[in-house]
Amino acid sequence: MDTHGNSITIAALEGPLMGSVRVPGDKSISHRAVLFSAMAQGTSRLSGVLDSDDVRSSVRAVQQLGASVNLEKMADGSLAGGITGWGPAGPKQPDAPIDCGNSGTTSRLLMGILAPWECKVTLTGDDSLQRRPMRRVTTPLVRMGARFYPEDKDTLPLEVCGTKGLRGIEYDSPVASAQVKTAVLLAGVFAQGTTVVTEPSPSRNHTELMLPLYGVSTTAASGMGSVEGPAAMHACEIDVPGDPSSAAFLACAAALVPGSAIQIENVSLNPARIGFLRTLEQMGVDASRRSVGSAGKELSGIISVQYCEKLHGCEVPAEKIASLVDEVPVLSLVAAHARGVTVFRGVEELRLKETDRVAGIIEGLSLLDVNAWMDGNDLYIEGNPDLKVPEGIVFDSKGDHRFAMTWALAGLVGGGAPVQVRGFESVSVSYPGFMEDIRSLVRVS
Ligand SMILES: O=C(O)C1=C[C@@H](OP(=O)(O)O)[C@@H](O)[C@H](O)C1
Ligand SMILES: C=C(OP(=O)(O)O)C(=O)O
(Lines give C-alpha, C1' and ligand atoms only; values in the text may rest on other atoms or scores of the structure.)
(Ligands and ions follow the chains in the order given, each with its own letter.)
Protein backbone atom coordinates (compact mmCIF):
# COMPACT_ATOMS: atom_id res chain seq x y z
CA MET A 1 0.00 0.00 0.00
CA ASP A 2 1.57 3.22 -1.21
CA THR A 3 0.38 6.60 0.10
CA HIS A 4 0.37 9.74 -2.10
CA GLY A 5 -0.85 12.63 -0.03
CA ASN A 6 -4.60 12.22 0.14
CA SER A 7 -4.80 9.31 -2.24
CA ILE A 8 -3.61 5.74 -1.69
CA THR A 9 -2.89 2.92 -4.10
CA ILE A 10 -4.54 -0.37 -3.19
CA ALA A 11 -3.54 -3.67 -4.77
CA ALA A 12 -5.51 -6.93 -4.73
CA LEU A 13 -5.18 -9.08 -1.58
CA GLU A 14 -2.53 -11.80 -1.80
CA GLY A 15 -4.74 -14.53 -0.36
CA PRO A 16 -8.12 -15.46 1.12
CA LEU A 17 -9.57 -13.95 4.31
CA MET A 18 -9.57 -16.51 7.09
CA GLY A 19 -10.11 -16.58 10.85
CA SER A 20 -11.74 -14.29 13.40
CA VAL A 21 -11.82 -10.56 13.94
CA ARG A 22 -13.59 -8.08 16.23
CA VAL A 23 -14.88 -4.85 14.74
CA PRO A 24 -14.87 -1.58 16.72
CA GLY A 25 -17.87 -0.37 18.69
CA ASP A 26 -21.16 0.47 17.01
CA LYS A 27 -21.25 4.12 15.95
CA SER A 28 -24.99 4.64 16.54
CA ILE A 29 -24.85 3.08 20.02
CA SER A 30 -21.62 4.96 20.88
CA HIS A 31 -23.21 8.33 19.98
CA ARG A 32 -26.25 7.51 22.08
CA ALA A 33 -24.17 6.27 25.02
CA VAL A 34 -22.21 9.55 25.04
CA LEU A 35 -25.24 11.82 24.51
CA PHE A 36 -27.65 10.03 26.87
CA SER A 37 -24.99 9.83 29.62
CA ALA A 38 -24.48 13.59 29.27
CA MET A 39 -28.24 14.14 29.76
CA ALA A 40 -28.44 11.88 32.81
CA GLN A 41 -27.84 12.58 36.48
CA GLY A 42 -24.72 10.88 37.89
CA THR A 43 -21.72 9.16 36.33
CA SER A 44 -22.36 6.55 33.65
CA ARG A 45 -19.75 3.88 33.00
CA LEU A 46 -19.13 3.14 29.31
CA SER A 47 -16.97 0.56 27.58
CA GLY A 48 -16.41 -0.53 23.98
CA VAL A 49 -17.12 3.02 22.74
CA LEU A 50 -16.00 3.60 19.15
CA ASP A 51 -13.06 5.98 18.87
CA SER A 52 -13.76 7.73 15.55
CA ASP A 53 -14.13 11.29 14.30
CA ASP A 54 -17.95 11.17 14.44
CA VAL A 55 -18.10 9.93 18.03
CA ARG A 56 -15.47 12.52 19.01
CA SER A 57 -17.84 15.18 17.64
CA SER A 58 -20.48 14.00 20.11
CA VAL A 59 -17.92 13.92 22.94
CA ARG A 60 -16.74 17.48 22.24
CA ALA A 61 -20.35 18.70 21.98
CA VAL A 62 -21.38 17.35 25.38
CA GLN A 63 -18.21 18.77 26.95
CA GLN A 64 -19.12 22.21 25.60
CA LEU A 65 -22.56 21.72 27.13
CA GLY A 66 -21.16 20.99 30.58
CA ALA A 67 -20.85 17.20 30.82
CA SER A 68 -17.63 15.85 32.26
CA VAL A 69 -16.09 13.16 30.03
CA ASN A 70 -13.35 10.84 31.29
CA LEU A 71 -12.98 8.30 28.51
CA GLU A 72 -9.61 6.65 27.99
CA LYS A 73 -8.19 4.70 25.08
CA MET A 74 -8.05 0.95 25.81
CA ALA A 75 -5.56 -1.59 24.42
CA ASP A 76 -8.15 -2.76 21.85
CA GLY A 77 -8.57 0.82 20.54
CA SER A 78 -11.98 1.40 22.16
CA LEU A 79 -12.81 4.18 24.62
CA ALA A 80 -13.91 3.37 28.17
CA GLY A 81 -14.55 5.34 31.34
CA GLY A 82 -17.10 7.68 32.89
CA ILE A 83 -19.35 10.50 31.75
CA THR A 84 -20.98 12.70 34.39
CA GLY A 85 -24.09 14.31 33.00
CA TRP A 86 -25.78 17.65 33.60
CA GLY A 87 -28.93 15.91 34.85
CA PRO A 88 -31.88 18.03 36.03
CA ALA A 89 -29.74 21.23 35.97
CA GLY A 90 -29.75 21.04 32.17
CA PRO A 91 -26.95 21.79 29.75
CA LYS A 92 -24.73 24.81 30.26
CA GLN A 93 -25.02 27.68 27.78
CA PRO A 94 -21.90 27.22 25.59
CA ASP A 95 -19.88 30.30 24.70
CA ALA A 96 -19.22 29.24 21.08
CA PRO A 97 -21.05 27.38 18.32
CA ILE A 98 -20.91 23.59 18.48
CA ASP A 99 -19.14 22.05 15.50
CA CYS A 100 -20.67 18.64 14.74
CA GLY A 101 -17.99 17.90 12.11
CA ASN A 102 -19.21 15.33 9.59
CA SER A 103 -21.77 13.74 11.90
CA GLY A 104 -25.45 13.89 11.00
CA THR A 105 -26.28 11.85 14.11
CA THR A 106 -24.55 14.34 16.45
CA SER A 107 -26.29 17.38 14.95
CA ARG A 108 -29.79 15.95 14.68
CA LEU A 109 -29.82 14.25 18.08
CA LEU A 110 -28.48 17.43 19.72
CA MET A 111 -31.46 19.39 18.38
CA GLY A 112 -33.82 17.12 20.31
CA ILE A 113 -31.56 17.15 23.39
CA LEU A 114 -31.42 20.98 23.53
CA ALA A 115 -35.08 21.64 22.65
CA PRO A 116 -36.42 21.24 26.26
CA TRP A 117 -33.95 23.67 27.89
CA GLU A 118 -33.83 27.49 28.02
CA CYS A 119 -30.71 27.85 25.90
CA LYS A 120 -29.57 29.31 22.60
CA VAL A 121 -27.03 27.09 20.88
CA THR A 122 -25.67 27.38 17.36
CA LEU A 123 -24.95 24.06 15.67
CA THR A 124 -22.72 23.83 12.64
CA GLY A 125 -20.63 21.24 10.80
CA ASP A 126 -18.26 20.60 7.92
CA ASP A 127 -19.13 21.36 4.26
CA SER A 128 -20.85 17.99 3.83
CA LEU A 129 -22.97 18.36 7.00
CA GLN A 130 -23.88 21.94 6.04
CA ARG A 131 -25.52 20.54 2.89
CA ARG A 132 -27.68 17.94 4.70
CA PRO A 133 -31.38 18.55 5.46
CA MET A 134 -32.31 19.53 9.02
CA ARG A 135 -35.95 20.58 8.51
CA ARG A 136 -36.94 16.92 8.94
CA VAL A 137 -35.96 17.40 12.62
CA THR A 138 -36.78 21.07 13.18
CA THR A 139 -40.37 20.69 11.86
CA PRO A 140 -41.55 18.30 14.62
CA LEU A 141 -39.48 20.10 17.29
CA VAL A 142 -41.10 23.44 16.35
CA ARG A 143 -44.48 21.75 16.73
CA MET A 144 -43.40 20.80 20.26
CA GLY A 145 -42.53 24.45 21.06
CA ALA A 146 -38.81 24.86 20.20
CA ARG A 147 -37.52 27.55 17.80
CA PHE A 148 -34.73 27.47 15.22
CA TYR A 149 -33.08 30.48 13.59
CA PRO A 150 -32.99 31.50 10.81
CA GLU A 151 -36.61 30.32 10.80
CA ASP A 152 -37.47 27.72 8.15
CA LYS A 153 -33.84 27.27 7.08
CA ASP A 154 -33.11 23.64 6.14
CA THR A 155 -29.35 23.54 6.69
CA LEU A 156 -26.69 24.23 9.33
CA PRO A 157 -25.60 26.55 10.84
CA LEU A 158 -28.80 26.85 12.86
CA GLU A 159 -29.47 28.32 16.28
CA VAL A 160 -31.54 26.09 18.56
CA CYS A 161 -33.72 28.08 21.01
CA GLY A 162 -35.10 25.64 23.51
CA THR A 163 -37.93 26.08 26.01
CA LYS A 164 -38.94 24.41 29.25
CA GLY A 165 -42.56 24.53 28.06
CA LEU A 166 -42.16 21.76 25.47
CA ARG A 167 -45.31 19.71 24.67
CA GLY A 168 -45.42 16.04 23.65
CA ILE A 169 -46.72 15.33 20.13
CA GLU A 170 -47.86 12.51 17.91
CA TYR A 171 -45.59 12.71 14.92
CA ASP A 172 -46.10 10.72 11.75
CA SER A 173 -42.65 11.00 10.17
CA PRO A 174 -42.62 11.09 6.36
CA VAL A 175 -39.20 9.33 6.39
CA ALA A 176 -37.93 6.14 8.01
CA SER A 177 -35.11 7.85 9.91
CA ALA A 178 -33.79 6.88 13.34
CA GLN A 179 -32.21 10.32 13.63
CA VAL A 180 -35.60 12.03 13.23
CA LYS A 181 -37.33 9.53 15.54
CA THR A 182 -34.59 9.87 18.17
CA ALA A 183 -34.51 13.68 18.13
CA VAL A 184 -38.28 13.82 18.73
CA LEU A 185 -38.22 11.12 21.43
CA LEU A 186 -35.31 12.79 23.28
CA ALA A 187 -37.21 16.09 23.31
CA GLY A 188 -40.25 14.10 24.48
CA VAL A 189 -38.37 12.81 27.55
CA PHE A 190 -38.54 16.35 29.04
CA ALA A 191 -41.82 17.49 27.40
CA GLN A 192 -45.26 17.47 29.03
CA GLY A 193 -47.30 14.41 28.02
CA THR A 194 -46.85 11.59 25.57
CA THR A 195 -44.64 11.78 22.49
CA VAL A 196 -45.26 9.19 19.79
CA VAL A 197 -43.32 8.84 16.54
CA THR A 198 -44.52 6.60 13.74
CA GLU A 199 -42.54 6.02 10.55
CA PRO A 200 -43.23 4.51 7.11
CA SER A 201 -40.94 1.52 7.76
CA PRO A 202 -38.93 0.53 10.82
CA SER A 203 -35.63 2.35 11.35
CA ARG A 204 -32.97 1.33 13.91
CA ASN A 205 -34.38 1.20 17.45
CA HIS A 206 -31.31 1.77 19.65
CA THR A 207 -32.91 4.78 21.33
CA GLU A 208 -36.01 2.85 22.35
CA LEU A 209 -33.80 0.00 23.65
CA MET A 210 -31.30 2.23 25.48
CA LEU A 211 -33.50 4.87 27.16
CA PRO A 212 -34.93 2.32 29.67
CA LEU A 213 -31.33 1.67 30.86
CA TYR A 214 -31.29 5.36 31.85
CA GLY A 215 -34.58 4.96 33.72
CA VAL A 216 -36.89 6.26 30.96
CA SER A 217 -39.58 3.80 29.96
CA THR A 218 -40.40 3.63 26.26
CA THR A 219 -42.98 1.84 24.20
CA ALA A 220 -41.58 0.39 21.02
CA ALA A 221 -43.09 -1.54 18.15
CA SER A 222 -42.09 -2.00 14.53
CA GLY A 223 -42.17 1.50 12.99
CA MET A 224 -43.27 3.20 16.25
CA GLY A 225 -41.62 4.57 19.39
CA SER A 226 -43.05 6.53 22.30
CA VAL A 227 -42.05 8.13 25.62
CA GLU A 228 -43.96 9.72 28.48
CA GLY A 229 -42.60 13.05 29.72
CA PRO A 230 -41.33 14.59 31.81
CA ALA A 231 -39.04 11.80 32.98
CA ALA A 232 -35.74 11.72 34.87
CA MET A 233 -32.60 10.21 33.38
CA HIS A 234 -30.17 8.36 35.69
CA ALA A 235 -26.62 7.20 35.04
CA CYS A 236 -26.11 3.58 33.97
CA GLU A 237 -23.56 1.17 32.52
CA ILE A 238 -23.28 0.53 28.78
CA ASP A 239 -21.00 -1.93 26.99
CA VAL A 240 -21.13 -1.07 23.29
CA PRO A 241 -21.15 -4.09 20.93
CA GLY A 242 -19.29 -4.10 17.57
CA ASP A 243 -20.66 -2.19 14.60
CA PRO A 244 -22.56 -4.27 12.01
CA SER A 245 -22.07 -1.45 9.46
CA SER A 246 -18.29 -1.88 9.81
CA ALA A 247 -18.63 -5.69 9.85
CA ALA A 248 -20.47 -5.44 6.51
CA PHE A 249 -17.24 -4.39 4.73
CA LEU A 250 -15.42 -7.47 6.02
CA ALA A 251 -18.39 -9.73 5.27
CA CYS A 252 -18.59 -8.44 1.68
CA ALA A 253 -14.81 -8.86 1.26
CA ALA A 254 -15.05 -12.49 2.40
CA ALA A 255 -17.96 -13.15 0.03
CA LEU A 256 -15.86 -11.85 -2.90
CA VAL A 257 -12.36 -13.27 -2.29
CA PRO A 258 -12.00 -16.95 -3.36
CA GLY A 259 -11.33 -19.38 -0.50
CA SER A 260 -12.38 -16.98 2.29
CA ALA A 261 -14.18 -18.02 5.49
CA ILE A 262 -14.33 -15.54 8.39
CA GLN A 263 -16.04 -14.97 11.72
CA ILE A 264 -16.74 -11.48 13.02
CA GLU A 265 -17.14 -11.57 16.80
CA ASN A 266 -19.05 -9.45 19.30
CA VAL A 267 -21.16 -7.64 16.68
CA SER A 268 -24.56 -6.10 17.37
CA LEU A 269 -27.16 -8.45 15.89
CA ASN A 270 -29.97 -5.94 16.24
CA PRO A 271 -32.41 -7.02 13.47
CA ALA A 272 -32.84 -3.38 12.43
CA ARG A 273 -29.12 -3.31 11.54
CA ILE A 274 -28.30 -6.58 9.84
CA GLY A 275 -30.38 -6.32 6.67
CA PHE A 276 -27.12 -6.65 4.75
CA LEU A 277 -26.78 -10.30 5.86
CA ARG A 278 -30.19 -11.13 4.41
CA THR A 279 -29.21 -9.43 1.13
CA LEU A 280 -25.92 -11.37 0.96
CA GLU A 281 -27.89 -14.59 1.58
CA GLN A 282 -30.32 -13.68 -1.19
CA MET A 283 -27.33 -13.27 -3.50
CA GLY A 284 -26.26 -16.84 -2.67
CA VAL A 285 -23.69 -16.14 0.07
CA ASP A 286 -23.34 -18.60 2.95
CA ALA A 287 -23.73 -16.03 5.76
CA SER A 288 -24.97 -16.86 9.23
CA ARG A 289 -25.16 -15.37 12.69
CA ARG A 290 -25.13 -16.81 16.17
CA SER A 291 -26.38 -14.86 19.12
CA VAL A 292 -23.95 -15.14 22.02
CA GLY A 293 -25.26 -12.61 24.49
CA SER A 294 -26.65 -9.17 24.84
CA ALA A 295 -25.33 -5.80 25.84
CA GLY A 296 -28.35 -4.39 27.68
CA LYS A 297 -31.23 -5.06 25.31
CA GLU A 298 -28.96 -5.14 22.26
CA LEU A 299 -28.35 -8.67 20.99
CA SER A 300 -24.78 -9.42 20.03
CA GLY A 301 -22.94 -12.40 18.62
CA ILE A 302 -20.88 -13.86 15.79
CA ILE A 303 -21.34 -13.38 12.05
CA SER A 304 -19.81 -16.04 9.77
CA VAL A 305 -19.36 -15.50 6.03
CA GLN A 306 -17.81 -17.63 3.29
CA TYR A 307 -16.68 -16.98 -0.25
CA CYS A 308 -19.49 -17.38 -2.79
CA GLU A 309 -18.52 -18.69 -6.22
CA LYS A 310 -21.91 -18.07 -7.83
CA LEU A 311 -23.26 -14.72 -6.73
CA HIS A 312 -26.56 -13.73 -8.31
CA GLY A 313 -28.57 -10.51 -8.34
CA CYS A 314 -31.51 -9.97 -5.99
CA GLU A 315 -34.22 -7.48 -5.14
CA VAL A 316 -34.26 -5.44 -1.91
CA PRO A 317 -37.72 -4.01 -1.15
CA ALA A 318 -38.11 -0.36 -0.08
CA GLU A 319 -39.27 -1.26 3.44
CA LYS A 320 -35.95 -3.07 4.09
CA ILE A 321 -33.68 -0.17 3.04
CA ALA A 322 -33.57 1.35 6.55
CA SER A 323 -32.12 -1.94 7.86
CA LEU A 324 -29.11 -1.63 5.52
CA VAL A 325 -29.13 2.06 4.64
CA ASP A 326 -25.39 2.65 5.22
CA GLU A 327 -24.47 -0.65 3.57
CA VAL A 328 -25.94 0.04 0.10
CA PRO A 329 -22.60 1.31 -1.30
CA VAL A 330 -20.67 -1.85 -0.34
CA LEU A 331 -23.59 -4.15 -1.27
CA SER A 332 -23.61 -2.43 -4.67
CA LEU A 333 -19.99 -3.53 -5.14
CA VAL A 334 -21.04 -7.13 -4.38
CA ALA A 335 -23.93 -6.74 -6.83
CA ALA A 336 -21.42 -5.53 -9.43
CA HIS A 337 -19.68 -8.94 -9.16
CA ALA A 338 -22.95 -10.95 -9.32
CA ARG A 339 -24.69 -12.54 -12.30
CA GLY A 340 -27.83 -10.64 -13.30
CA VAL A 341 -29.46 -7.46 -12.08
CA THR A 342 -29.80 -6.35 -8.45
CA VAL A 343 -32.38 -3.74 -7.52
CA PHE A 344 -32.49 -1.66 -4.34
CA ARG A 345 -35.99 -0.13 -4.20
CA GLY A 346 -36.76 3.22 -2.60
CA VAL A 347 -33.21 4.51 -2.06
CA GLU A 348 -34.01 8.24 -2.17
CA GLU A 349 -32.65 8.71 1.40
CA LEU A 350 -29.18 7.77 0.14
CA ARG A 351 -29.02 11.06 -1.73
CA LEU A 352 -29.05 12.91 1.63
CA LYS A 353 -26.08 11.26 3.37
CA GLU A 354 -22.48 12.53 3.62
CA THR A 355 -22.54 12.64 -0.21
CA ASP A 356 -25.22 11.78 -2.76
CA ARG A 357 -24.56 8.05 -2.42
CA VAL A 358 -26.81 7.13 -5.37
CA ALA A 359 -24.71 9.31 -7.70
CA GLY A 360 -21.50 8.02 -6.06
CA ILE A 361 -22.44 4.37 -6.63
CA ILE A 362 -23.34 4.95 -10.29
CA GLU A 363 -20.17 6.98 -10.90
CA GLY A 364 -17.82 4.55 -9.11
CA LEU A 365 -19.27 1.42 -10.74
CA SER A 366 -19.04 3.06 -14.19
CA LEU A 367 -15.23 3.20 -13.69
CA LEU A 368 -15.40 -0.60 -13.37
CA ASP A 369 -17.48 -0.72 -16.59
CA VAL A 370 -20.50 -1.85 -14.56
CA ASN A 371 -23.86 -0.44 -15.56
CA ALA A 372 -25.92 1.08 -12.73
CA TRP A 373 -28.89 3.38 -13.11
CA MET A 374 -31.91 4.87 -11.35
CA ASP A 375 -35.51 4.31 -12.39
CA GLY A 376 -37.70 6.49 -10.18
CA ASN A 377 -36.38 5.85 -6.67
CA ASP A 378 -35.00 2.39 -7.47
CA LEU A 379 -31.31 1.68 -8.03
CA TYR A 380 -30.43 -1.04 -10.59
CA ILE A 381 -27.01 -2.69 -10.94
CA GLU A 382 -26.20 -5.02 -13.80
CA GLY A 383 -23.49 -7.30 -12.45
CA ASN A 384 -20.57 -8.94 -14.24
CA PRO A 385 -19.38 -12.24 -12.67
CA ASP A 386 -16.11 -11.94 -14.66
CA LEU A 387 -15.40 -8.44 -13.35
CA LYS A 388 -11.68 -7.61 -13.13
CA VAL A 389 -10.45 -4.16 -12.15
CA PRO A 390 -9.09 -2.40 -15.27
CA GLU A 391 -5.75 -0.52 -15.23
CA GLY A 392 -5.48 3.07 -14.04
CA ILE A 393 -8.69 3.51 -12.03
CA VAL A 394 -8.87 6.46 -9.65
CA PHE A 395 -11.87 6.43 -7.29
CA ASP A 396 -12.80 9.53 -5.32
CA SER A 397 -14.41 9.08 -1.88
CA LYS A 398 -15.39 12.78 -1.93
CA GLY A 399 -14.77 12.68 1.82
CA ASP A 400 -17.47 10.03 2.38
CA HIS A 401 -16.15 7.27 4.66
CA ARG A 402 -18.50 4.61 3.27
CA PHE A 403 -17.12 5.24 -0.25
CA ALA A 404 -13.51 5.34 0.96
CA MET A 405 -14.01 1.76 2.23
CA THR A 406 -16.19 0.56 -0.68
CA TRP A 407 -13.70 1.68 -3.35
CA ALA A 408 -10.74 0.41 -1.35
CA LEU A 409 -12.53 -2.95 -1.31
CA ALA A 410 -13.01 -2.76 -5.09
CA GLY A 411 -9.21 -2.83 -5.38
CA LEU A 412 -8.62 -5.36 -2.60
CA VAL A 413 -11.05 -7.94 -4.02
CA GLY A 414 -10.80 -6.93 -7.68
CA GLY A 415 -8.39 -9.63 -8.87
CA GLY A 416 -6.98 -7.13 -11.37
CA ALA A 417 -4.95 -3.94 -11.45
CA PRO A 418 -4.42 -1.80 -8.32
CA VAL A 419 -6.78 1.14 -7.80
CA GLN A 420 -6.23 4.56 -6.33
CA VAL A 421 -8.64 5.95 -3.77
CA ARG A 422 -8.65 9.69 -3.20
CA GLY A 423 -9.67 10.85 0.24
CA PHE A 424 -9.12 7.44 1.84
CA GLU A 425 -8.44 9.15 5.18
CA SER A 426 -12.19 9.75 5.68
CA VAL A 427 -12.37 6.14 7.02
CA SER A 428 -11.54 7.81 10.35
CA VAL A 429 -15.19 8.97 10.52
CA SER A 430 -16.46 5.48 11.38
CA TYR A 431 -13.75 2.81 11.03
CA PRO A 432 -10.18 4.08 11.47
CA GLY A 433 -8.74 0.53 11.66
CA PHE A 434 -10.51 -0.75 8.52
CA MET A 435 -7.36 -1.56 6.52
CA GLU A 436 -5.55 -3.16 9.47
CA ASP A 437 -8.58 -5.38 10.24
CA ILE A 438 -8.82 -6.58 6.62
CA ARG A 439 -5.07 -7.24 6.49
CA SER A 440 -5.19 -9.17 9.79
CA LEU A 441 -7.48 -11.70 8.07
CA VAL A 442 -5.39 -12.30 4.92
CA ARG A 443 -3.66 -15.70 4.75
CA VAL A 444 -0.78 -15.92 2.31
CA SER A 445 0.15 -19.53 1.43
O1 LIG B 1 -29.60 7.07 14.17
C2 LIG B 1 -28.47 6.76 13.76
O3 LIG B 1 -27.52 6.50 14.53
C4 LIG B 1 -28.25 6.67 12.30
C5 LIG B 1 -29.33 6.58 11.47
C6 LIG B 1 -29.23 6.51 10.00
O7 LIG B 1 -29.60 7.79 9.49
P8 LIG B 1 -31.16 8.19 9.25
O9 LIG B 1 -31.88 7.82 10.43
O10 LIG B 1 -31.19 9.65 9.06
O11 LIG B 1 -31.54 7.44 8.01
C12 LIG B 1 -27.84 6.15 9.52
O13 LIG B 1 -27.71 6.43 8.14
C14 LIG B 1 -26.77 6.87 10.29
O15 LIG B 1 -25.50 6.38 9.88
C16 LIG B 1 -26.87 6.64 11.78
C1 LIG C 1 -24.92 8.46 7.32
C2 LIG C 1 -24.00 8.20 8.23
O3 LIG C 1 -23.80 8.88 9.42
P4 LIG C 1 -24.40 10.29 9.91
O5 LIG C 1 -25.78 10.45 9.33
O6 LIG C 1 -24.36 10.24 11.38
O7 LIG C 1 -23.46 11.35 9.36
C8 LIG C 1 -23.10 7.03 8.05
O9 LIG C 1 -22.38 6.71 9.01
O10 LIG C 1 -23.06 6.41 6.96
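Bear in mind the structure is a predicted one, so any value in this text is a computation, not a measurement.

Visitor: Please provide a residue-by-residue account of the site of ligand 1, values included.
Guide: The environment of ligand 1 is made up of K27, S28, R32, T105, R108, S177, A178, Q179, R204, V325, D326 and K353. Between ligand 1 and R32 there is a distance of 2.7 Å, counted from an oxygen atom to a side-chain nitrogen or oxygen. Here an oxygen atom of ligand 1 and a side-chain polar atom of S177 are 3.0 Å apart. Surface burial for ligand 1 is 94%, taken as the share of its 380 Å² of free accessible area covered by protein chains. Mapped onto the shell around ligand 1, the elements with two or more residues apiece are α1 (27–39), α3 (104–114) and α5 (178–189). By residue number, the principal contributor to the shell around ligand 1 is α1, which donates three residues. Of the residues belonging to the shell around ligand 1, the class tally is two nonpolar, four polar and six charged. Split by domain, the residues of the shell around ligand 1 number at least three in each of domain 1 (2–24 + 241–441) and domain 2 (27–239).

Visitor: Any details on the site of ligand 2? Residues and values, ideally.
Guide: In the vicinity of ligand 2, 13 residues are found, and the nearest of them are K27, G104, T105, R132 and R402. With respect to ligand 2, the side chain of D326 contributes an N or O atom lying 3.3 Å from an oxygen atom. A distance of 2.7 Å is found between an oxygen atom of ligand 2 and a side-chain nitrogen or oxygen belonging to R402. Relative to its unbound accessible surface of 300 Å², ligand 2 loses 98% to contact with the protein. Broken down by secondary-structure element, the contributors of at least two residues to the shell around ligand 2 are α3 and α11 (401–413). Its residues placed into classes, the shell around ligand 2 shows no nonpolar, six polar and seven charged. Among the domains, domain 1 (2–24 + 241–441) and domain 2 (27–239) are the pair contributing at least three residues each to the shell around ligand 2.

Visitor: Tell me about the pairing of strand β13 (residues 218–221), and please be specific about residues and values.
Guide: Pairing of β13 with strand β14 (residues 224–229), which is carried by four bridges, proceeds in the antiparallel orientation. The residue of β14 that forms the bridge with A220 is G225. Connecting β13 to the antiparallel partner β14 that follows it, the hairpin turn spans two residues, and G223 within it adopts a positive phi of roughly 80 degrees.

Visitor: Residues and numbers for the UniProt feature "binding site: 3-phosphoshikimate" (unreviewed entry) in the protein, please.
Guide: Those residues carrying the UniProt feature "binding site: 3-phosphoshikimate" (unreviewed entry) are K27, S28, R32, S177, Q179, D326 and K353 in this numbering. With respect to the element layout, R32 can be found in helix α1. When sequence neighbours within four positions are dropped, the list of residues in contact with R32 reads S37, T105, L109, A178, T182, H206, T207, M210 and Y214. Within the local environment of R32, its side chain forms a polar contact with the backbone oxygen of S28, the two atoms lying 3.1 Å apart. With respect to the element layout, S177 can be found in the loop between β11 (170–172) and α5. The contacts of S177, once residues within four sequence positions are left out, are R136, E199 and S203. Among the polar contacts made by the side chain of S177, one reaches the main-chain amide nitrogen of Q179 at a distance of 3.3 Å.

Visitor: Let's hear about the side chain of D437: which residues, and what values?
Guide: Here D437 shows up in helix α12 (residues 434–441). Setting aside residues up to four positions removed in sequence, D437 forms contacts with V21, R22, V23, P24 and Y431.

Visitor: How would you sum up the sheet that holds β13? Please name residues and give values.
Guide: An order of β11-β12-β14-β13 is seen for the four strands of this open sheet, with the pairing classed as mixed. One side of each edge strand has no neighbouring strand; the edge strands of this open sheet are β11 and β13. In this sheet, adjacent strand axes meet at a mean angle of 10 degrees when their direction is disregarded. Relative to β14, strand β12 (residues 193–198) runs antiparallel, the two being bridged by six bridges. The residue of β14 that forms the bridge with V197 is G225.

Visitor: Tell me about the domain arrangement of the protein, residues and numbers included.
Guide: Entries for the protein in the domain assignment read domain 1 (2–24 + 241–441) and domain 2 (27–239). Look at where the C-alpha atoms of domain 1 and domain 2 centre, and you get two points 28 Å apart. Counting residues at the interface gives 24 residues for domain 1 and 25 residues for domain 2. When the two sides are added together, the surface that domain 1 and domain 2 hide from each other amounts to roughly 2,200 Å², 49% of it contributed by carbon and sulfur. It is K297, E354 and V429 that lose the most area in domain 1 upon contact with domain 2, and together they represent 24% of the buried surface on that side. Viewed at the interface, domain 2 and domain 1 are joined by three salt bridges. Between R204 and D326 there is a salt bridge, with the nearest N and O atoms lying 3.7 Å from each other. Our enumeration of links across domain 1 and domain 2 arrives at ten residue pairs in polar contact (both at pLDDT 80 or more). For the side of domain 1 that touches domain 2, a count of residues per class yields nine nonpolar, five polar and ten charged.

Visitor: Could you give me a rundown of the sheet that holds strand β4 (residues 43–49), with the residues and numbers involved?
Guide: Spatial strand order, β5-β6-β4-β15: four strands in an open sheet with mixed pairing. Here the strands that pair on one side only, and so sit at the sheet edges, are β5 (68–73) and β15 (237–239). Looking at each pair of strands side by side, their axes are set apart by 10 degrees on average, direction ignored. Bridging between β5 and strand β6 (residues 79–84) involves six bridges; their strand directions are antiparallel. Residue pairing across strands places K73 opposite L79, the latter belonging to β6. Docked against the sheet, α1 engages β4, β6 and β15, running at close to 170 degrees with respect to β4. In the packing of helix α2 (residues 53–64) onto the sheet, the strands contacted are β4, β5 and β6, and the crossing angle to β5 comes to about 150 degrees.

Quick notes on the rules
Residues numbered from 1 in each chain as written. Chains lettered and ligands numbered in written order. Predicted model: local features only at pLDDT ≥ 70, side-chain atom pairs only at ≥ 80, totals over all residues. Heavy atoms only, no water. Near = heavy atom within 4 Å. Polar contact = N/O pair within 3.5 Å; in protein donor to acceptor, adjacent residues only side chain to side chain. Areas by Shrake-Rupley, 256 points an atom, 1.4 Å probe, with all protein chains shown as cover. Helix = DSSP H or I, 4+ residues; strand = E, 2+ residues; numbered from the N terminus. Nonpolar A, V, L, I, M, F, W, Y, C, P; charged D, E, K, R; others polar. Domains from an automatic or database assignment. Pairing = 2+ DSSP bridges. UniProt positions renumbered as here; feature names shortened; annotations may be inferred. Contact = heavy atoms within 4.5 Å. Axes fitted to C-alpha atoms, helices over the stretch in contact; angles between N-to-C directions. Buried area = accessible area lost by both parts, 1.4 Å probe. Salt bridge = Lys/Arg side-chain N within 4 Å of Asp/Glu carboxyl O.

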